[in-house]
Amino acid sequence: MKRTGIRLCILLLCCALACTAAAAEAPFSFTREMVEKTFMDAGNTERLHAAIAKAENGETVTIAYLGGSITEGALAQPQQTKCYAYLSAQAFAKRFMPDASKLNYVNAGISGTPSLLGITRLEADVLSHEPDIVFVEFAVNDSGDNVSQSTYESLLRQLLNAECKPAVILVFTVLSGGNSGQEHMAKLGAHYKLGMISVKNAIWPEIEAGNMVWSDYSADYVHPNNAGHAFMADAIDHYFALAEQVAPEPYAMPKFVRIGNLLEGLENIRHGDSRIVSTGGFPIGPVSCYSYHMGWHHKGLIDGKDPIVLNVEGVRMTFAFKQMKDTKWGSAEVWVDGEYKVTLPGYADNAWGNVQTQLVSFSGKGSHTVEIRMAEGSEGKTFQLLDMAVVP
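The structure presented is a predicted model; accordingly, all values stated were derived computationally and were not measured.

### Section: the nonpolar core
Residues Phe92, Ile133, Phe135 and Ile203 are the most contacted members of the largest nonpolar core, which totals 45 residues. Counting residues per element, the ones that place at least two in this core are helix H2 (32–37), helix H3 (46–56), strand E2 (61–67), helix H6 (84–96), strand E4 (133–137), strand E5 (167–172), helix H11 (200–208) and helix H12 (226–244). Among the elements that line this core, the one with the most residues is H12, at seven residues. For phenylalanine 92, the residues in contact, after removing those within four places along its chain, are Ala51, Ile52, Ala55, Val61, Ile63, Met97, Ile133 and Phe240. Counting 35 residues, the second-largest nonpolar core is a separate cluster that includes Val106, Leu160, Leu170 and Phe172.

This is the structure we're talking about:
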């Protein structure tokens, strides 16, 4: 009997230890309460209700997502179908669309890019699709300086003033240290009466309280893992559910700009634009860089040393170019009215074939001659100019 009792005690102890270990190893689960904490504001819902009405009527609805690597789906496995953008678009279709095939999903996320690139490619990558709903995610890509905030506001104004009149919803993400552009971006969201969703509001209090650790949400310092992406999608679906209950009212743009509209009215300069006087040693040709498939490509001495020359009317421009960690790639310079302005480095130690964007302001309004030329010592190297745009 004693031996039987001892064996029984040992068995119970082993079971208890196994249960304790299993509990310790159980994966973290995002709770419904956390999902509810992501909701910040429904915003004005007139445009969202219009999109829902189209969906329920069996019409095509286009949902676009504009942002950085989180929106692109970095660390989601597989990226295309497990990223928050795809999952939340599917949630919209499930909630409102009798025919899910009528959903037109546009993912315009590009890794490592702020709203400066977002507004530069806004027309080609988002507005050309005539979206009904646009989610904007730049809270971990933008800095908090006035230029960055003004660029972000300009982007929002471009979206809100677009002919397709999309519903604009802001998504605020967070870095592992707690940093986020949410504070100043939310003020703009309130000013323009936009829908707002905050990842930070849900996960950061839980981390500070010791109820979860950062790795429950992300495998690095910023990008959600599959569980994190699924959580973000649930947050957006929760937004849809609540915002649908908010009665629509006519939307009106605010009468004043809150921070600045530095880049409002930005116009892209495409191949064949009359403002291009000469392409010089940068012939237009195929490139491969995210959504850019054509660009002005300098391939070395074979293309000569002549600059791209433009004659533009405006106050500032943006230039998007490809960066590589390859010493065969060189730098170009921007000159305005014969004066050097800035260098565009095609090589960087931390590059991965990414897009960089540079803002250049002019001395005043009026006509300006703009030149893009290879920097001294880079004439024999490669450089790809992907995009140019001007504020008239």
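### What about the sheet that holds E5?
Spatially, the six strands line up as an open sheet ordered E1-E6-E5-E4-E2-E3, and their pairing is mixed. Looking along the sheet, the strands with just one partner apiece sit at the ends: strand E1 (39–41) and strand E3 (103–109). This sheet shows a mean twist of 20 degrees between the axes of neighbouring strands, independent of strand direction. Here E5 runs beside strand E6 (residues 195–198); their pairing, made up of four bridges, is parallel. Paired with valine 171 across the strands is isoleucine 197, a residue of E6. Docked against the sheet, helix H9 (residues 146–160) engages E2, E4 and E5, running at close to 150 degrees with respect to E5.

### Topic: the state of the cysteines
In the structure shown here, the tally under the stated rule is zero disulfides. Free of any disulfide, cysteine 83 has its nearest cysteine sulfur in cysteine 289, 19 Å distant. Among the residues examined, cysteine 289 registers a relative accessible area of 2% and is labelled buried.

### What about the environment of aspartate 41?
With respect to the secondary-structure elements, aspartate 41 resides in strand E1. Each C-alpha atom, one on aspartate 41 and one on alanine 186, is 9.5 Å from the other, the two residues being 145 residues apart in sequence. Excluding residues that lie within four positions of it along the chain, aspartate 41 makes contacts with Leu194, Gly195, Met196 and Tyr239. Polar contacts involving the side chain of aspartate 41 include one to the main-chain amide nitrogen of glycine 43, which spans 2.8 Å.

### Description of the sheet that holds strand E13 (residues 331–336)
A sheet is described by the order of its strands in space; here five strands give the open sequence E8-E11-E16-E13-E14, paired in antiparallel fashion. Looking along the sheet, the strands with just one partner apiece sit at the ends: strand E8 (276–278) and strand E14 (339–345). Mean inter-strand twist for the sheet, computed between neighbouring axes without regard to direction, equals 25 degrees. Where E13 meets E14, six bridges bridge the pair, whose relative direction is antiparallel.

The rules behind these values
Residues numbered from 1 in each chain as written. Predicted model: local features only at pLDDT ≥ 70, side-chain atom pairs only at ≥ 80, totals over all residues. Heavy atoms only, no water. Core = buried A, V, L, I, M, F, W, Y, C linked by side-chain atoms within 4.5 Å. Buried < 20%, exposed > 50% of the residue type's maximum accessible area, 1.4 Å probe, protein only. Helix = DSSP H or I, 4+ residues; strand = E, 2+ residues; numbered from the N terminus. Contact = heavy atoms within 4.5 Å. Pairing = 2+ DSSP bridges. Axes fitted to C-alpha atoms, helices over the stretch in contact; angles between N-to-C directions. Disulfide = S-S within 2.5 Å. Polar contact = N/O pair within 3.5 Å; in protein donor to acceptor, adjacent residues only side chain to side chain.

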